[in-house]
Structures are given as C-alpha cells and as structure tokens.
Amino acid sequence: MRIDLHTHSLASDGTQTPAELVEAAAHAGLDVVALTDHDTAVGWPEAARAAEAAGIALVRGMEISTSYGGRGVHLLAYLPDPTYPPLVEGLDRVLEGRNARVPAIVEQLRETGVEVTEADVRRMAGASAAAGRPHVADALVASGVVVDRREAFSRYLNPGRPGHVHRYAAELVTMLETVHAAGGVTVIAHPWGRAARGALDEAAFAALAERGLAGIEVDHRDHTVEQRDELRGIAANLGMVVTGSSDHHGLGKVDHDLGCFTTAPEEYARLLELATTAARLSGRRTPEVVG
Ligand code: AMP
Ligand code: ZN
Ligand code: FE
Ligand code: FE
C-alpha cells in the first residue's frame, strides 16, 4: 500500500486542479492520497468525485499556517468538519492575512525596481482560496524576472529578501484544539524544514502531544536523513504517529513528485483510528475517507 498524506492543488498553490491531482496520484500508483491545500477545504468536493472515479482512497485534509514561539509551523489537519464555525473563522483570518499582504509585497518589489502588479498576482492565484507568495513568484516568472518559483523565493520572497512581508498565522495550540473540536486529527508538517526550523524540540512535541497532537511528518524532502532519524526517535518516545509525504505542488516545486515519500500502512491505520475517536468525541459531522 502506497500512502501520500500531503499534497496541494490549484485550490492553494499547486498547479493541478483537485481532479487532476487525484488522477495523477492514481497514475503514480498511490493507493491513498490526502489533499491538504493551505488553509482551505474548497478543493474537497472535486477531489472526492475524482477519487471515486479513479478508484483511489482520498483523505480530506488541509495544511494550516500557524505560529509557535514566533516561528511559522504548518499544521496538517485530517478529516475535520470543515463547517465547524471556529475552524471556518480561524481559516478565514489566515486567508485574509495572506490576501492583505499582496499589495505590500508588490509595493516593496516596485521599490527595488521590479514591476509586477497586484492584478498580475491575482490572475496567477486564479482558483486559489487566497493569493500567496507562490502566486507572486508565478507573476515574476510570467514577466521574465526569474525562471521559476525557486529563484523567485531565493531572490525576492524568502525572509530577509526585498519582497518579503510578514503575514498573520493562527496560534498553534489554539488551532490544534480547534481542529480536534471539529473532529479532526493533527500532524505537524515538515517540523524541521525551512521556516519552522528550530521552533520545535522534543519538549515542545511532548507538550503538543499532551494537547492531542497525533503525529509528526518525519519523511519529507525538507529534512536531512539525520533529522528524519532524530524525529523518528522523538515520535517513538512520545508514542506519536510517523507520516511521510511528498508535499506535491504539481510543477510548482521540484523534487516533490507524488509518492516520493510515503506513510507506512500501520501508521496510517493508527492515524485513522485516532480520527475516528476524535470524530466521535467532537459530535461533529466529519468527512469519511473516500473509497
Ligand atoms: P505563503 O503561505 O503565501 O507565505 O507562501 C508559502 C508557500 O510557498 C509555502 O507553503 C510553499 O508551498 C511555497 N514555497 C516556499 N518556498 C518555496 C520555493 N523555494 N519554491 C516553491 N515554493 C515555495
Ligand atoms: Zn504550498
Ligand atoms: Fe508546508
Ligand atoms: Fe505543503
């Protein structure tokens, strides 16, 4: 069984429609795929129809932008009731924060002599629930300033670069509890990759486990082999679920092909068991795994 629990579509900053993504997952030989767009469930219905048609199991999830000790931490939430009002409100604030940042990024880029308009960025964001830095990157690619998203981030959009603008993120522990109250389960995405680096040590994971955090995304491209070994040890010490996934973004991220990292079937089974318990305790109407 091949299981990939972290992917993005055009509903956030991937480059495939939810249906295309699910079909690509089936073609890649995956048995289970989770759609985890940033801060939104808008891709779920289309992905669910495509999963039924393609005969692949779909886990409906999302990747929520949170902050912990002043650093950005991405929280994977699986199978929550997407209509739970505090969750809807929490996600709306994050999406608004991302949208509101666009004019400031455009202005800062203009000051450094890079001409890109807010309309260009909005056009690139198209079907996305909000316009993020990857869409600014796409606008920079379209106008010939850079060749790809990676160059756009390293030259303009990463922290410390001239087009970087801070944005709002939800408080991690509050969001963790909100997802659980919505009947979902949570996993910290790529905890030692990129922006999150240094935010979470074993003591922090232990405290989050106390608050109901189910798992750690250990096997991810942004981690070295040594980091993965160390994170696996922490997860074992704390009795947490270990996941692995591609964090696929279509053509938007190189070296993140579907299934490049996967989750062990027994770890997936544990996660689903915890989801069933969370759903029951919440009393919410939560989505089932499709297929
Ligand atoms: P935002 O949430 O709008 O600040 O945008 C952050 C998103 O940009 C991340 O979640 C990644 O999906 C994406 N990203 C970050 N760095 C890169 C990169 N070097 N190349 C492509 N995408 C990136
Ligand atoms: Zn992304
Ligand atoms: Fe992420
Ligand atoms: Fe992601």
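Residues numbered from 1 in each chain as written. Chains lettered and ligands numbered in written order. Predicted model: local features only at pLDDT ≥ 70, side-chain atom pairs only at ≥ 80, totals over all residues. Heavy atoms only, no water.

**Q** Mind showing me how you'd approach the coordination of the iron ion (ligand 3) here?
**A** Ideal geometry at a metal centre: 109.5 degrees between donors when four sit tetrahedrally, and 90 or 180 degrees when six sit octahedrally. The protein atoms that coordinate the iron ion (ligand 3) are Glu63 (OE), His74 (ND1) and His190 (NE2), at distances of 2.0 to 2.2 Å. Taken in chain order, the donor set of the iron ion (ligand 3) reads E-x10-H-x115-H. Classification of Glu63 by relative accessible area gives buried; the value is 1%. (Donors = N, O, S within 2.8 Å, 3.2 Å for Na, K, Ca; no water. Buried < 20%, exposed > 50% of the residue type's maximum accessible area, 1.4 Å probe, protein only.)

**Q** For this particular structure, what's the right way to read the layout of surface pockets?
**A** To locate leftover empty space, one rolls a probe as large as a water molecule over the atoms. Looking at the largest pocket, its volume works out to about 1,300 Å³. Lining the largest pocket are 50 residues, and of these His74, Arg133, Phe153, Arg194 and Ala195 sit closest to its centre. Counting only elements with at least two residues in the lining of the largest pocket, the list comes to strand E3 (57-68), strand E4 (71-78), helix H3 (85-111), helix H5 (133-142) and helix H6 (149-157). The residue makeup of the lining of the largest pocket, split by class, is 13 nonpolar, 21 polar and 16 charged. Two domains each provide a minimum of three residues to the lining of the largest pocket, namely domain 1 (3-91 + 168-282) and domain 2 (101-157). Approximately 160 Å³ is the volume attributed to the second largest pocket. Taken together, Leu79, Gly183, Leu272, Ala275, Thr276, Ala279, Thr286, Pro287, Glu288 and Val289 make up the full set of residues lining the second largest pocket. Taken together, the residues of the lining of the second largest pocket sort by class into six nonpolar, three polar and one charged. (1 Å grid on protein atoms, 1.4 Å probe; cavity = no way out; pocket = protein on both sides within 12 Å on 5 of 7 lines; lining within 4 Å. Points joined across faces, edges and corners; volume = space filled by probe spheres on them. Helix = DSSP H or I, 4+ residues; strand = E, 2+ residues; numbered from the N terminus. Nonpolar A, V, L, I, M, F, W, Y, C, P; charged D, E, K, R; others polar. Domains from an automatic or database assignment.)

**Q** I would appreciate a short explanation of empty space enclosed by the protein in the present structure.
**A** Taken as a whole and assessed by the stated rule, the structure comprises one cavity of 30 Å³ or more. Estimates place the volume of the largest cavity at around 40 Å³. Along its surface, the largest cavity is lined by Leu5, Val59, Tyr78, Leu79, Val185, Tyr268, Leu271, Leu272 and Ala275. When residues of the lining of the largest cavity are assigned to their parent elements, the largest contribution, four residues, is made by helix H10 (residues 265-282). Residues belonging to the lining of the largest cavity are distributed by class as follows: nine nonpolar, no polar and no charged.

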